[in-house]
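Geometric and topological summary
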Amino acid sequence: MSVADLSTPLKFAYWVPNVSGGLVVSTIEQRTSWDFDYNRKLARIAEDAGFEYALSQTRYAASYGADKQHEATSFSLALLAATERLKVIAAVHPGMWHPGVLAKFIITADHISNGRAAVNIVSGWLKAEFVNFGLEWLEHDERYVRTEEFIRVLRGLWTEQGYSQSGKYYDITDFTLSPPPVDVPGRPHPEVFFGGNSTAAQATAGRVADWYFSNGKDLDGFRENIAGVQASATAAGRRPRYGLNGFVIARDSEKEARDTLREIVAKAHRPAVEGFRDAVQEAGASTKDGKGMWADSSFEDLIQYNDGFRTQLIGTPEQIAERIVEYKKIGVNLFLTCYLHFQEEVAAFGTDILPIVRELEADAARRAGVDFDPDETLTGTHPSKAGV
Ligand SMILES: Cc1cc2nc3c(=O)[nH]c(=O)nc-3n(C[C@H](O)[C@H](O)[C@H](O)COP(=O)(O)O)c2cc1C
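Residues numbered from 1 in each chain as written. Predicted model: local features only at pLDDT ≥ 70, side-chain atom pairs only at ≥ 80, totals over all residues.

A few words now on the overall build of the protein chain. Summing up its helical and strand segments, the protein chain has 12 helices and 11 strands in all. In terms of overall dimensions, the protein chain is globule-like: its C-alpha atoms have a radius of gyration of 20 Å, near the 21 Å expected for 388 residues. Residue burial in the protein chain is summarised as follows: out of 388 residues, 49% are buried. Put simply, 77% of the contacts in the protein chain that link residues at least 6 apart link residues at least 24 apart. (Helix = DSSP H or I, 4+ residues; strand = E, 2+ residues; numbered from the N terminus. Rg over C-alpha atoms; globule rule 2.2 N^0.38 Å. Buried ≥ 20, exposed ≤ 12 C-beta atoms within 10 Å, placed from the backbone. Contact = placed C-beta atoms within 7 Å.)

Pasting the structure below:
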């Protein structure tokens with residue numbers, strides 16, 4: 001069954017650079033900073049450029065080219081307060097939070113921002129962060145057992161009064177969070193994004209996530225990736241939406257864009273990329289079937305640590321817009337983007353690429369005989385309560 005939704009405009013997000021070192025582990029010039037002043041300006045540029053979401057990163061310890069990091073939930077809240085329309089997705093690890101505390105935090109952020117708070121639930125790969133904090137490091141698939149319970153608690157506390165849930169990891173008894181989240185039409189509660197590629201991640205996302213985030217993939221890789229999520233979602237009577245990561249290199253000519261990629265690779269910080277590969281591929285190998293998130297990533301892929309080159313958003317604005325709409329036709333609802341020079345390139349994405357995407361989307365809808373309204377926002381596509 002095709003999951004493509006040609007009638008709804010694609011949504012765009014950018015990675016918040018709240019960790020140092022930029023989004024590629026390379027010594028190539030990156031006019032991107034991880035500090036708050038840079039990020040506040042970037043968020044305003046992004047919302048003016050037509051971006052609907054920003055995604056922060058959660059990292060507690062220096063690792064693989066990111067020596068310094070700002071904490072994700074506080075940083076996200078500050079960006080919400082600095083913007084008017086942008087939805088900011090705070091990345092959180094279930095193992096680091098109690099879900100009731102996070103549910104309450106996000107409700108407050110939602111009120112401060114008039115209904116723009118969201119979360120990205122990430123189950124973790126950096127073992128040292130947990131072990132050195134003295135926290136338990138669960139085995140790979142067990143992390144997803146906890147993640148599923150965690151998301152069910154969030155959703156329960158956001159939508160019900162006197163909520164109770166008893167499970168392996170959490171025991172919630174007759175709890176009411178007041179006030180509830182902001183009542184936004186078409187949004188039953190703050191949106192729950194979810195990142196992970198393994199079989200356990202896909203199955204869990206299908207059961208409980210509103211949005212599944214995929215690492216960068218080619219067209220076949222993306223198809224394969226969402227098939228697992230879709231199977232589990234269908235069994236649970238749900239309909240998650242799909243986001244795909246991509247590193248954007250838009251230049252006047254394809255050659256210039258390809259040369260930039262070559263320079264990123266030539267200047268890769270080899271020890272940092274190799275250290276990262278060892279850590280994440282160990283995490284992948286520990287899954288039952290060895291299909292972890294970075295299981296088949298090459299050295300070059302890992303220079304953008306979420307496989308962003310694989311999506312191939314590299315070339316002229318026209319080529320990139322065409323590629324983006326090809327992915328829409330196979331089920332992508334949202335692009336999560338990153339760049340060498342965030343402020344300049346996010347602005348340029350809005351002026352040079354987005355208008356072409358909208359034209360191509362309208363054209364694709366016309367050919368398929370479906371209505372397309374470029375101003376329409378997604379409503380009514382949130383998962384039903386079935387399976388929650
Ligand atoms: C879009 C996206 C964002 C992510 N952000 C973070 C993050 O901020 N911090 C983190 O530790 N892991 C992050 N992860 C990785 C997950 O925590 C997790 O390690 C990974 O999804 C494990 O995948 P696996 O189940 O395929 O082994 C992210 C993953 C994706 C796809």
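Past the structure itself, the notes keep going.
Pairing between strand 5 (residues 163-166) and strand 6 (residues 171-175): three bridges, direction antiparallel. The residue bridging Tyr-163 from the neighbouring strand is Phe-175, located in strand 6. Hairpin connection between strand 5 and strand 6: a loop of four residues separates the two successive antiparallel strands. (Pairing = 2+ DSSP bridges.)

Bringing the environment of Ile-107 into the picture now. Relative to the helices and strands, Ile-107 is located in helix 3 (residues 99-112). Residues Ile-107 and Leu-177 lie 70 residues apart in sequence; the distance between their C-alpha atoms is 8.7 Å.

What follows is about the pairing of strand 9 (residues 241-250). Most of strand 9 is tucked away: 10 of the 10 residues are buried. With burial as the criterion, each face of strand 9 is covered, one bearing Arg-241, Gly-243, Asn-245, Phe-247 and Ile-249 and the other bearing Tyr-242, Leu-244, Gly-246, Val-248 and Ala-250. Bridge count between strand 8 (residues 211-214) and strand 9: four bridges; the pairing is parallel. Considered in strand 9, the bridge of Tyr-212 is made with Tyr-242. In this fold, the crossover linking strand 8 to strand 9 by way of helix 7 (residues 219-235) has right-handed handedness. Here strand 9 runs beside strand 11 (residues 334-338); their pairing, made up of five bridges, is parallel. Note that in strand 11 the partner of Asn-245 across the bridge is Leu-336. With three bridges connecting them, strand 9 and strand 10 (residues 313-315) associate as parallel partners. Bridging from a neighbouring strand, Ile-249 pairs with Ile-314 of strand 10. (Right-handed = clockwise from strand over helix to strand, strands pointing away.)

Moving on: helix 12 (residues 342-368). Of all the bends found along helix 12, the most pronounced is centred on Ile-353 and spans about 40°, while Pro-355, a proline, follows it within four residues. All of the buried residues along helix 12 are Phe-342, Glu-345, Val-346, Phe-349, Ile-353, Leu-354, Val-357, Glu-361 and Ala-365. Close packing links the buried residues of helix 12 with strand 1 (11-15), helix 1 (36-49), strand 9, helix 11 (317-329) and strand 11. Within two residues after helix 12, Gly-369 carries a phi angle of roughly 75°, on the positive side. (Bend = angle between axes of the 7 residues up to and from the residue.)

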